[in-house]
Amino acid sequence: ESLELLRIALDSGFEPPAVDVGSGAGFPGLVIAAVFPAWEVHLVEPQQKRARLLAELARCLELPNVVIHAIRAEEAGRGMLRERARGVTARAVAPLRELLEYTAPLASLGAPIVLPKGSRFRAELDQSARALRQLGVAYEGAIPMRPEISETIVVLRFRKSEPTPDRYPRRPGIPAKRPL
């Protein structure tokens, strides 16, 4: 799935530096870093235990191009990663309108944001119209993964079309409590 996501992301213009939000066990971020060892890949993972695991995996896999950020996405979007990424992804993190608030502030102007979603993606997309407008993001379509990879996952493609207003992302926890 990570390689299929990467294939679709590359067709969207995904390039370094790349950011993977909510990296968990390293999918797709570590896979991207392994495939493109010259790329700078940032993994944002708020859970300290997982962040330490990611750091150890990157060390064992000899991936010096990986930078671990053991912080929440809201903090990353207000810090050094804000509007810096030329490609942003996140897998199984949150509902779409919440996830857009986590990812959009990280993307530089014109950069793709590629997000895998399940079969209920249309309902999530319908609920995200306000978030797209507020965050300066344009929806570019849904690309299904090849059936031999997954029959249910589609990759939603977005593009950062305007700078994200300074008020986003909101404080940690607020996007989940009060989604746009």
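Colleague: Sorry, what's going on with the nonpolar core here?
Modeller: General note: in soluble globular proteins, nonpolar side chains tend to be found buried as a group. Judged by nonpolar contacts, the single largest core of 31 residues is most densely connected at Val 21, Leu 100, Ile 113, Leu 115, Leu 135, Val 137 and Phe 158. Looking at this core, the elements that each hand over two or more residues are strand E1 (18-21), helix H4 (73-76), strand E4 (87-90), helix H5 (96-103), strand E5 (112-117), helix H6 (121-127), helix H7 (129-135) and strand E7 (154-160). If you tally residues by element for this core, the top one is H5, at four residues. Filtering out sequence-adjacent residues up to four positions away, Ile 113 remains in contact with Val 88, Thr 103, Ala 104, Ala 107, Val 137, Leu 156, Arg 157 and Phe 158. Counting 20 residues, the second-largest nonpolar core is a separate cluster that includes Leu 6, Ile 8, Leu 30 and Val 41.

Colleague: Would you take a moment to explain the pairing of E7 for this structure?
Modeller: Counting buried residues in E7 gives six out of seven residues, a clear majority hidden from the surface. Inspection of the sheet shows E5 paired to E7 by six bridges, in the antiparallel sense. What sits directly across from Pro 116, in E7, is Val 155. As defined by bridge partners, strand E6 (residues 137-144) adjoins E7 across seven bridges and the pair is classed as antiparallel. Opposite Ala 138, over in E7, you have Arg 159 as the bridge partner.

Colleague: Looking at this structure, how should I read the environment of Ile 32?
Modeller: Summarising the element assignment, Ile 32 is placed in helix H2 (residues 29-35). By relative accessible area, which is 4% here, Ile 32 ends up buried. In sequence terms Ile 32 and Val 66 are 34 residues apart; their C-alpha atoms lie 9.7 Å from each other. Not counting the four nearest positions on each side in its chain, Ile 32 is found in contact with Leu 6, Phe 14, Trp 39, Val 41 and Thr 89.

Colleague: Is there a simple way to explain unusual backbone geometry in this structure?
Modeller: Negative phi characterises most residues that are not glycine, and trans characterises most peptide bonds. With omega at -5°, the peptide bond leading from Pro 16 into Pro 17 counts as cis. Its location among the elements puts Pro 17 in the loop between helix H1 (2-11) and E1. With an omega of -5°, the peptide bond between Tyr 168 and Pro 169 qualifies as cis. By secondary structure assignment, the location of Pro 169 is in the loop between E7 and helix H8 (174-177). Here the phi dihedral of Glu 62 falls at roughly 55°; this positive angle occurs in a residue that is not glycine. Mapping Glu 62 onto the fold places it in the loop between helix H3 (48-60) and strand E3 (66-69). Glu 62 gets classed as exposed once you look at its relative accessible area, which sits at 67%. For Glu 83, which is not glycine, the phi torsion reads 50° and is therefore positive.

Cut-offs and rules
Residues numbered from 1 in each chain as written. Predicted model: local features only at pLDDT ≥ 70, side-chain atom pairs only at ≥ 80, totals over all residues. Heavy atoms only, no water. Core = buried A, V, L, I, M, F, W, Y, C linked by side-chain atoms within 4.5 Å. Buried < 20%, exposed > 50% of the residue type's maximum accessible area, 1.4 Å probe, protein only. Helix = DSSP H or I, 4+ residues; strand = E, 2+ residues; numbered from the N terminus. Contact = heavy atoms within 4.5 Å. Pairing = 2+ DSSP bridges.

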